[in-house]
Amino acid sequence: MKATRHQYDVLVVGAGLAGLRAALEVAPVSKACVLTKVYPSRSHSGAAQGGIAAALGNASPDSLEEHIFDTVKGSDYLGDQDAIEILISEAPEIIYEYEHFGVPFDRMADGRLAQRPFGGHSRPRAVYCMDYTGHVLLHTLYEQCIKQDVKFFSEFYTMSLIIRDGVCRGVVAWDQQKGGLHVFHAKAVILGTGGYGRAYKITTNALANTGDGLALASRAGIPIEDIEFVQFHPTGLYKQGILLSEGARGEGAYLTNNLGQRFMEKYAPGKMELAPRDVISRSIQTEVDEGRGINGQDYVYLDIRHLGEQKILERIPQIKDLAQKYLGVDCVTAPVPIQPTAHYSMGGIPTNNDAEVLLDGKDKKVVGLYAAGECACVSVHGGNRLGTNSLLEATLYGRRAGRSAVKFLRDAVLAPLPEDAPDASLKRIDEIQEKIRTLKERYQKIRAIDRNSIFNLDLIEAIELGNVLGFAEMIVAGAINRKESRGAHFRKDFPKRDDVNWLKHTLVYRDGDVLRFDYKPVRITRYQPQERKY
Ligand SMILES: Cc1cc2nc3c(=O)[nH]c(=O)nc-3n(C[C@H](O)[C@H](O)[C@H](O)COP(=O)(O)OP(=O)(O)OC[C@H]3O[C@@H](n4cnc5c(N)ncnc54)[C@H](O)[C@@H]3O)c2cc1C
């Protein structure tokens, strides 16, 4: 099979907020394109409901200082404080930039942007568009990219990074619609490939969130940082995992057990239903384990009846739709069954504050390779992300990745493309085709199958499965390795945080079948670790 060749200054892989915002920064100055395995507006960013954080101080007094401290504390002191300071200080600018791009944020009666409370934030600072915030932001950025003539290769699946001698030279991708291998040669590559929630059975994540970027980086010899930190969202629709936005609790929803008690009273009396996600998810699990799940089962109730139909329809209409559609429950008259669901990956490809990917996870860069958004680990979320900080991170560090690439382009030369660039991908496709063929043959002997099934989808799913298996092993190994409890990572056998031994980031390398761990210190600027209480 011959590969089709393309040449660009900058390739962006991923069309979520991180990828699109990066592309928007690069497009006016150089030849850029975006590769995305799903159509851009289907990226998971579009599913975000609750909002995007900034300390604007519209709904109550607020300060950057407080937002920074909440984020450091929320991260259970594992977040790098210099990266957090950048995130929070530039947040207001990001919101106003979105507004100027045309995002119709909800407003207060006096015309200023409305802000609502969110878990772990001590002030109401989530700016939002009803409970469709991500959808609106994603569409707006996509429109801006179209306006800037960004070239999109939609439904192109990136299979490998071309890195030689520490220099990234492009990617190899598969055209899902027509079939066929493509080699994209470039001076710089920006990864915005999203998270890996699909490694879990119950998850809020889209089918596409198979952590491909992490698999690409890991295969190229780059370590993955803090992969054991996976956030569970407390309010997934029972059995489906579909997210019911924290916006519901921001608006005043109750969580109740089989005895009708608001059980958060016991676990976080100060914050109640607005405690951070890890605290609430564990509280739900404790209620269930101790037999206070509804009818003794593995779920509890999210109760918003007291908000009244008008407020529900005005502020959180999607929750009403989802509960009705998937469980047949009308949340205006009945409580909704919920359970914790895998939601967000705090770990990822290690980068510095300029979104440059680090070959050793510490200070050695991969020349011309950048990463931002959920696939990256800067690390601003540390052990636990606060809700609404990640749309912010994806946009802001996406923009930083774009800016870094533009700066790099000034003196970058196009490193030669190795002749064997597509070979490894071709070999994988051949192997998988062979396997699928054998499986199909076996399957046909059992009973008739749909002979018209689209072959490419089988191929992509097989590759994705390989990716997920690769880093699922890393998540488990990372969790076994970290002998403490911190943020989203909780162990019954080591229930306490251990700053003496574990106030450090994990870096995990894959050498063939063997996983190898390394560590790096947390960057602490202003806030020394304290006990995290809510
Ligand atoms: C249901 C839900 C609700 C959320 N709500 C909020 C919220 O209210 N506030 C908040 O701050 N955060 C929220 N989050 C988290 C937030 O939405 C994400 O962290 C963020 O949008 C990630 O953006 P991204 O650009 O990094 O990735 P994504 O938006 O996931 O985009 C990834 C892109 O990478 C592409 N891609 C992946 N692999 C490949 C490949 N191999 N080849 C080519 N392309 C590839 C995909 O096609 C896609 O375009 C929510 C998440 C979920 C799941």
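Quick notes on the rules
- Throughout, residues of each chain are indexed from 1 in the direction in which the sequence is written.
- Selection of residues for local features in this predicted model requires a pLDDT of at least 70, selection of side-chain atom pairs for listing and counting requires 80 or more, and totals for whole chains, interfaces and linings are taken over all residues.
- Water and hydrogen atoms play no part in the side-chain values, which are based on all heavy atoms of the structure.
- In this analysis, strands are considered paired if DSSP registers two or more bridges between them.
- By definition, any uninterrupted DSSP run of H or I lasting at least four residues is a helix, any uninterrupted run of E lasting at least two residues is a strand, and each is numbered from the N terminus.
- Consider each residue's heavy atoms; a residue with any of them within 4 Å of a molecule or strand counts as near.
- Within 3.5 Å is the distance limit for a polar contact, defined as a pair of N or O atoms, with the added protein rule that one can donate a hydrogen and the other accept it, and that residues adjacent in sequence qualify only through two side-chain atoms.
- Computed by Shrake-Rupley with a 1.4 Å probe, the accessible areas treat only the displayed protein chains as cover when residues are assessed.
- When residues are sorted by character, Ala, Val, Leu, Ile, Met, Phe, Trp, Tyr, Cys and Pro go into the nonpolar class, Asp, Glu, Lys and Arg into the charged class, and all the rest, Gly among them, into the polar class.
- Buried means the residue's accessible area, taken with a 1.4 Å probe over protein chains only, is under 20% of the maximum for its type, while exposed means over 50%, and partly exposed covers the values in between.
- Any two residues whose heavy atoms approach within 4.5 Å at even a single point are treated as in contact.
- To obtain each axis, a line is fitted to C-alpha atoms, and for helices this fit is confined to the stretch in contact; angles are then taken between N-to-C directions over 0 to 180 degrees.
- Throughout this description, any angle smaller than 35 degrees is read as roughly parallel, any larger than 145 degrees as roughly antiparallel, any in the 65 to 115 degree range as roughly perpendicular, and the remainder as oblique.
- In this analysis the probe radius is 1.4 Å and the grid spacing 1 Å, with only protein atoms considered; a cavity is a set of points the probe fits into but cannot get out of, a pocket is an open set with protein on both sides within 12 Å along at least five of seven lines, and lining residues have an atom within 4 Å of a point.
- Grid points are joined across faces, edges and corners, and a volume is the space filled by probe spheres set on the points.

A. The arrangement of the sheet that holds strand β10 (residues 224-225) in detail. Taken in spatial order, the three strands make up an open sheet running β10-β19-β20, and their pairing is antiparallel. Edge strands, defined here as strands with exactly one partner in the open sheet, are β10 and β20 (514-521). Bridge count for strand β19 (residues 504-511) against β20 is eight bridges, and the pairing is antiparallel. Counted as the bridge partner of L507 is D518 from β20.

B. Seen up close, the site of the ligand. Near the ligand there are 39 residues, and of these S43, H44, S45, E374 and S390 occur at the shortest range. In the model, an oxygen atom of the ligand is placed 2.8 Å from a nitrogen or oxygen of the A15 main chain. Measuring from a nitrogen atom of the ligand, one finds a side-chain N or O atom of D212 at 2.9 Å. Its free accessible area being 1,000 Å², the ligand has 98% of it covered by the protein chains. Only α1 (17-26), β2 (32-36), β7 (156-164), β14 (336-345) and α12 (389-409) provide two or more residues apiece to the shell around the ligand. When residues in the shell around the ligand are grouped by element, the largest group, four residues, is from α12. Considering only residue class, the shell around the ligand consists of 14 nonpolar, 21 polar and four charged.

C. Examining the side chain of Q339 more closely. Position of Q339 among the secondary structure elements: in strand β14. A residue is classified by how much of its surface remains accessible, and Q339, at 10% relative accessible area, is buried. Excluding residues that lie within four positions of it along the chain, Q339 makes contacts with I202, H233, P234, T235, G236, L237, Y238, K239 and D298.

D. Fine view of the packing of helix α3 (residues 81-89) against α12. Two elements in contact, α3 and α12, have axes whose closest approach is 10 Å; the angle formed by their N-to-C orientations is 95 degrees. With respect to α12, the axis of α3 lies roughly perpendicular. Here A83, I86 and L87 of α3 come into contact with α12, specifically with N389, L392, E393, L396, Y397 and R400. When grouped by side-chain class, the residues that make up the contact of α3 with α12 number six nonpolar, one polar and two charged.

E. Quick look at empty space enclosed by the protein. Enumeration according to the criterion identifies one cavity of 30 Å³ or more in this entry. Taken as a whole, the largest cavity holds about 30 Å³ of empty space. If you go around the largest cavity, the residues you meet are Y344, M346, G373, A376, C377, V378, S379, V380, H381 and E393. Residue composition of the lining of the largest cavity, grouped by class: six nonpolar, three polar and one charged.

F. Fine view of the layout of surface pockets. In this structure, the second largest pocket spans a volume of roughly 1,300 Å³. Taken together, 37 residues line the second largest pocket, and the ones lying closest to its centre are D278, R282, S485, G487 and F490. Elements represented by at least two residues in the lining of the second largest pocket include exactly β11 (230-237), α9 (277-289) and α14 (455-481). If one sorts the elements of the lining of the second largest pocket by residue count, α9 sits on top with eight residues. Taken together, the residues of the lining of the second largest pocket sort by class into 15 nonpolar, nine polar and 13 charged.

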